[in-house]
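Listed below, chain by chain, are the residues.
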Amino acid sequence: MAKNRKLLLAALLLLAFAAFKLVLLQWWQAQQPQAVAAQCDLTEGCTLPDGSRVRAAAVSTKKPFDIYIEHAPAGTEQVSISFSMKNMDMGFNRYMFERQSSGNWQAVRIRLPICVEGRRDFTADITIGSRTFQTAFTAE
């Protein structure tokens, strides 16, 4: 009888832990910034909805490249970019930008994740301060 109580207690504790984990996961997802769609050709450069200008030199899957952000809103503390593909896990690949003396931001030697299927259709999530902009692009 005591063994059954211990098993029941263990099962209840596991269920409580699972419920807590689900609530915590939902809270965390709600805290993540929602991405704003932006039509942007990274190699041509474009202006994002917040007025920032983004441009990259020769976006390629074969060699590293640099990305620049100009005219970021005043008071911007942090800028980052990450890459993904639709229906494919690309792993963690966030690159942080460094503020330049001119006030612009730069990320150097970025390498796109390799797709084992040979696809080159990427999505970039560009986070400037607390806002995230999402744009699709095709790499060379």
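Reference entry: report on the structure contained in this document. (Residues numbered from 1 in each chain as written. Predicted model: local features only at pLDDT ≥ 70, side-chain atom pairs only at ≥ 80, totals over all residues. Heavy atoms only, no water.)

Section: the packing of aromatic side chains
Tallying each qualifying case throughout the model produces four aromatic pairs. For the pair Phe-83 and Phe-137, a centre-to-centre distance of 6.0 Å together with 75° between the ring planes defines the contact as edge-to-face. Of this pair, Phe-83 sits in strand S5 (residues 79-84) while Phe-137 sits in strand S10 (residues 131-138); the two residues are 54 residues apart in sequence, bridging distant segments of the chain. Of the two residues, Phe-83 and Phe-137, neither departs from the other in class, the shared state being buried. With a centroid separation of 5.7 Å and 20° between ring planes, the pair formed by Phe-122 and Phe-137 is classed as stacked. Here Phe-122 is found in strand S9 (residues 121-128), whereas its partner Phe-137 is found in strand S10, with 15 residues between them in sequence. A relative accessible area of 1% means that Phe-122 is categorised as buried. Classification of Phe-137 as buried rests on a relative accessible area of 7%. Pairwise contacts between aromatic rings join Phe-65, Phe-83, Tyr-95, Phe-122 and Phe-137 into one cluster. (Phe/Tyr/Trp six-rings, centres within 6.5 Å; stacked < 30°, edge-to-face > 60°. Helix = DSSP H or I, 4+ residues; strand = E, 2+ residues; numbered from the N terminus. Buried < 20%, exposed > 50% of the residue type's maximum accessible area, 1.4 Å probe, protein only.)

Here we look at the environment of Leu-24
Position of Leu-24 relative to the elements: it lies in helix H1 (residues 2-31). Along the primary structure Leu-24 and Thr-76 are separated by 52 residues, whereas in three dimensions their C-alpha atoms are 29 Å apart.

Overview of the side chain of Ser-60
With respect to the element layout, Ser-60 can be found in the loop between strand S3 (53-56) and strand S4 (65-70). The exposure class of Ser-60 is buried, given its relative accessible area of 4%. A polar atom in the side chain of Ser-60 sits 2.9 Å from the backbone nitrogen of Lys-62. Setting aside residues no more than four positions away along its own chain, Ser-60 makes contact with Phe-65, Leu-112, Ala-139 and Glu-140. (Polar contact = N/O pair within 3.5 Å; in protein donor to acceptor, adjacent residues only side chain to side chain. Contact = heavy atoms within 4.5 Å.)

Thoughts on the state of the cysteines
Evaluated as defined, the whole model comprises one disulfide. A sulfur-sulfur distance of 1.8 Å marks the disulfide that ties Cys-40 to Cys-46. Taking the sign of the S-S torsion, about -90° here, the bridge from Cys-40 to Cys-46 comes out left-handed. By the burial criterion, Cys-40 is buried, and Cys-46 matches it. (Disulfide = S-S within 2.5 Å.)

Limitation: the analysis is restricted to geometry and does not speak to function.
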